[in-house]
Amino acid sequence: MAETTYVEAIRQGIWEEMDRDDTVFVMGEDVAVYGGAFKITKGMLERFGELRVVDTPLAESGIVGAGTGAAINGLRPVLEMQFADFMACGFDQITNFAAKCRYRWGQAIPMVIRAPAGGNIHGGPFHSQNVEMPYVHTPGLKVVQPSTAHDAKGLIKAAIRDDDPVIFLEHKYLYRSVKEELPTEDYTVPIGEAGVRREGSDISIITYGWMVHVALEAAENASGEGISVEVLDLRTLVPLDRESILDTAKKTSKVILLHEDTLTGGMGGELAGIISEHAFDYLDGPLVRVAAADTPVPFSETLERAFLPSVEDVLAKIRWLHRF
Amino acid sequence: MSTPAVAHLQTKFDRDLCERFHYYMLLMRELEDRIENKLYRQGKVVGGCYTGRGQEAIPVGSAILSRPGDWLTPSHRDMAALLIRGVTPEEILAQYMGRATGLTKGRDGNMHMGCSERHCVPIISSIGASIPIAGGLAFAMRYRGESNVVFNYSGDGASSRGDWHEGLNMAAVMNLPIVYLCNNNHYAYSTPLDKQMKIADIADRVAGYGIPAEIVNGNDVLAIYEASTRGVEHARAGKGPYFIECKTFRMSGHSAHDPADYVPNQLREEWSRKDPILMLQKYMVENLGADEQDFMEMRKRVLDKVAAAVEWALEQPFPDPATLEDDVYAPA
């Protein structure tokens, strides 16, 4: 059977949900006639019509507001932010209104905001950022980022069926660089469940998104040096799968927190806090963060390579932590 | 160019409709008076305390046209819109006092309340944000092929925000069924119109988006009713959005803490002579045979209702701290 790419998996997931539920629609810049900047919505206009596949003016706040209003009035919007970076233009609508509706007035907002995120694509300062943390920090939002084609399809379907607003971060580098055979039957990947990608006993790497693949490569190299590394893919950042996080920390007693987002104020600090509070007695070494440098994402290849966490960076920390 | 004010009163207003206008305007006036000048001063209402004193004609003359399937996004100066949709004075007072039986169960205060069942979206404090929301509500109506419309309320201050412009433009491009009621009360908090914009009329901004706009006397409930009727017919007929700029004046501070001493006395006095309730009463006396006695009886009825609601609300429980973390997410 043919393998399906990450980008195609997301497309299939949305397509299938639009087929099974006619309240699901897609809206965004260049999503209809053009099929989306990354072709996630290709062919949808022809299949589902212009009422359900909607091109908008260049107006992220307007798009998020319209999606939220439509969700209040019974629809299930799947909104596309052309790049995750531009979600900042809709930040007020997302964090000040959509996220608070259930708490303020018991109104569900079943809405997905898709946001192509991440670097390693020569995108530079406006097309490469990992913007998860402001949304992770906003109660009322769910935040997910799949690392595989299987999860991309299963999570987008779960997000569309979810009754809360979901920030769906898609990694642009993974769009066409990972693929696999997908189940033929309907499936979802539950929001809020992490997955162990590689079992190990000496060190755990807790990560998500593209960095899962970096961690797996580092783990493979470390095994050649006699170090057994476990890799936990969070898949969902909110709500966090605390049980899986604590299980792996207790199992190996040494934890590396790896993310492509910049270091300060990143997910690593939050994970370190959780592990320190709830598994301190199990630890045999410091909680180690590996993350991008605290700079804007640079464009030029040498700079971007220096900016992003690499397999070598992770390996160095594995060797260092292993000595404890 | 802005549309000139339409010569008003093509409608024959009957006594029954005028009494409904009068009742809701008076109820809003007295309820807000009780909240601002008694309960707030007594410390029984805390936090921000916004009223729409002097602007009652705008929500009343428009929301009274709403049908059950329509949606409304009232601003913090449109309490009567909630009353017309069936929100009770009891619920409003419990909300202001942070009680568990208020519309937001104590999670938000003052006019920051809404209700899914009665199709009222609560105000979003980042003013102007409701304009794109109205677009989405209207989008869903068109999606299902309904003839419902959205009544969106905002003020002059909102028209400086990006959301206002994004939302109006999208509604125009998508031809969405929305009637915008803009209360141009001449001040955004302390900032007068001439420091907000270089032009005289907000309707001129709207013209740039290709949305029909008209300007009405925002203190004349009959003029607002007529303009809203035109707007609602336009939107229900699938002709797209419609904008009504209601020239009015905020006869209070921005909030109860604000003495508004930045407003020239002369301006305030000028507008106090245009009180919307007095204007309606004058019409009712001159055209419908109403008299002072009728108004006094109505006022007594309203005051009794408010007093009973206050008594009820004061007995309501505060929210249980154990509910703090409820309803952030859907139940698992």
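All values derive from a computational prediction rather than experimental measurement.

1. Focus: the overall build of chain B
Thought 1: When helices and strands are counted, chain B shows 11 helices and seven strands.
Thought 2: The C-alpha radius of gyration computed for chain B amounts to 19 Å, which stays within 12% of the reference 20 Å derived for 332 residues, consistent with globular compactness.
Thought 3: Reported as C-alpha extents along the three principal axes, the dimensions of chain B are approximately 60 × 50 × 40 Å.
Thought 4: A buried classification covers 53% of the 332 residues belonging to chain B.
Thought 5: Pairs at least 24 apart in sequence give 77% of the contacts found in chain B among residues at least 6 apart.

2. What to know about the overall build of chain A
Thought 1: Per the secondary structure count, chain A includes 12 helices and 14 strands.
Thought 2: The C-alpha atoms of chain A give 19 Å as radius of gyration, which agrees with the globular expectation for 324 residues (20 Å, within 12%).
Thought 3: With respect to the principal axes defined by its C-alpha atoms, chain A has extents near 60 × 45 × 40 Å.
Thought 4: Contacts in chain A between residues at least 24 apart in sequence constitute 80% of all its contacts with a sequence separation of at least 6.

3. Looking at the sheet that holds strand β13 (residues 255-262) of chain A
Residues and elements named next belong to chain A.
Thought 1: Judged by pairing direction, the sheet is mixed, and its five strands sit side by side in the order β9-β11-β10-β13-β14 without closing on themselves. For this open sheet the edge positions go to β9 (195-198) and β14 (288-292), each flanked by a neighbour on one side alone. Taking each pair of neighbouring strands and ignoring which way they run, the sheet shows an average axis angle of 25 degrees.
Thought 2: Note: strand β10 (residues 203-207) against strand β11 (residues 229-233), five bridges, orientation parallel. Paired with Ile 206 across the strands is Leu 232, a residue of β11.
Thought 3: Contacts between helix α9 (residues 242-252) and the sheet are confined to β10, β11 and β13, with β10 contributing the most and set at about 160 degrees to the helix.
Thought 4: Sheet strands in contact with helix α10 (residues 267-279) are β10, β13 and β14, and its direction is about 155 degrees off that of β13.

4. Description of the interface of chain B and chain A
Thought 1: Across the contact, 34 residues belong to chain B and 31 residues belong to chain A.
Thought 2: When residues of the side of chain B that touches chain A are traced back to their parent elements, those giving at least two are α5 (130-143) and α6 (162-174) of chain B.
Thought 3: Residue contributions to the side of chain B that touches chain A peak at 10 residues, all from α5(B).
Thought 4: Across the side of chain B that touches chain A, the residue classes break down as 20 nonpolar, nine polar and five charged.

5. Topic: the sheet that holds strand β6 (residues 213-217) of chain B
Residue and element names in this part refer to chain B.
Thought 1: Read across the sheet, five strands follow the order β1-β2-β3-β7-β6 without closing on themselves; strand pairing throughout is parallel. The two strands at the open ends of the sheet, each matched to only one other strand, are β1 (71-73) and β6. Ignoring strand direction, the axes of neighbouring strands in this sheet form an average angle of 20 degrees.
Thought 2: Bridging between β1 and strand β2 (residues 150-155) involves three bridges; their strand directions are parallel. For Leu 72, the partnering residue across the bridge sits in β2 and is Phe 151.
Thought 3: The strands touched by helix α8 (residues 221-236) are β3 (178-184), β6 and β7 (242-247); relative to β7, the strand with the most contacts, the crossing angle is about 170 degrees.

6. So, the environment of Asn219(B)
Thought 1: Topologically, Asn219(B) is positioned in the loop between β6 and α8.
Thought 2: Beyond its immediate chain neighbours, meaning those up to four positions away, Asn219(B) contacts Ala57(B), Thr248(B), Lys274(B), Pro276(B) and Met279(B).

7. Observations regarding the nonpolar core
Thought 1: By size, the foremost hydrophobic cluster in this structure holds 201 residues, and its most contacted members are Ile113(A), Ile256(A) and Met25(B).
Thought 2: Shared between two domains, this core takes at least three residues from each, and those domains are domain 1 (4-180) and domain 2 (195-322) of chain A.
Thought 3: Those residues in contact with Met25(B), other than ones at most four positions away along the chain, are Glu56(B), Ala57(B), Val60(B), Ala80(B), Val221(B), Pro276(B), Ile277(B) and Leu280(B).

8. Quick notes on the pairing of strand β4 (residues 76-80) of chain A
Residue and element names in this part refer to chain A.
Thought 1: Of all five residues making up β4, five are buried, and the element is well covered by its neighbours.
Thought 2: Where burial is concerned, the two faces of β4 agree: the one with Arg 76, Val 78 and Glu 80 and the one with Pro 77 and Leu 79 are both buried.
Thought 3: Sheet analysis places strand β2 (residues 24-28) next to β4, joined by five bridges and oriented parallel. Residue pairing for β4: Phe 25 is matched across the bridge by Pro 77.

9. With respect to the packing of helix α8 (residues 211-223) of chain A against helix α12 (residues 311-322) of chain A
Residues and elements named next belong to chain A.
Thought 1: Contact geometry of α8 with α12 gives a least axis separation of 9 Å together with a crossing angle of 50 degrees. On the basis of the axis angle, α8 is oblique to α12. The hand of the α8/α12 crossing is right-handed. Across from Val 214, Ala 215, Glu 217, Ala 218, Asn 221 and Ala 222 in α8, the residues of α12 making contact are Val 311, Val 314, Leu 315 and Ile 318.
Thought 2: For the contact of α8 with α12, the residue count by class is eight nonpolar, one polar and one charged.

10. Description of the confidence of the model for chain B
All names here are of chain B.
Thought 1: For chain B, mean pLDDT is 95; residues scoring 70 or higher make up 97% of the total.
Thought 2: Long-range and interchain partners of residues 1-6, a stretch whose pLDDT sits below 50, account for 14 contacts in this model, where long-range means more than four residues apart.
Thought 3: With pTM at 0.96, the complex prediction returns an ipTM value of 0.96.

11. Focus: unusual backbone geometry
Thought 1: Cis geometry is adopted by the peptide bond preceding Pro239(A), which originates at Val238(A) and carries an omega value of -5 degrees.
Thought 2: By secondary structure assignment, the location of Pro239(A) is in the loop between β12 (236-238) and α9.
Thought 3: Backbone geometry places His186(B), a non-glycine residue, at a positive phi of 75 degrees.
Thought 4: Here His186(B) shows up in the loop between β3 and β4 (187-188).

12. Side note on the environment of Tyr209(B)
All names here are of chain B.
Thought 1: Relative to the assigned elements, Tyr 209 resides in the loop between α7 (202-207) and β6.
Thought 2: Given 17 C-beta atoms within 10 Å, Tyr 209 falls into the partly exposed group.
Thought 3: Separated by 148 residues in sequence, Tyr 209 and Gly 61 have C-alpha atoms that sit 25 Å apart.
Thought 4: Residues contacting Tyr 209, with those up to four places away along its chain left out, are Leu 168, Asn 169 and Ala 172.

Cut-off values and rules
Residues numbered from 1 in each chain as written. Chains lettered and ligands numbered in written order. Predicted model: local features only at pLDDT ≥ 70, side-chain atom pairs only at ≥ 80, totals over all residues. Helix = DSSP H or I, 4+ residues; strand = E, 2+ residues; numbered from the N terminus. Rg over C-alpha atoms; globule rule 2.2 N^0.38 Å. Buried ≥ 20, exposed ≤ 12 C-beta atoms within 10 Å, placed from the backbone. Contact = placed C-beta atoms within 7 Å. Pairing = 2+ DSSP bridges. Axes fitted to C-alpha atoms, helices over the stretch in contact; angles between N-to-C directions. Nonpolar A, V, L, I, M, F, W, Y, C, P; charged D, E, K, R; others polar. Core = buried A, V, L, I, M, F, W, Y, C linked by C-beta atoms within 7 Å. Domains from an automatic or database assignment. Parallel < 35°, antiparallel > 145°, perpendicular 65-115°, else oblique. Left-handed = near helix turned anticlockwise from the far one by under 90°. pLDDT = per-residue confidence, 0-100.

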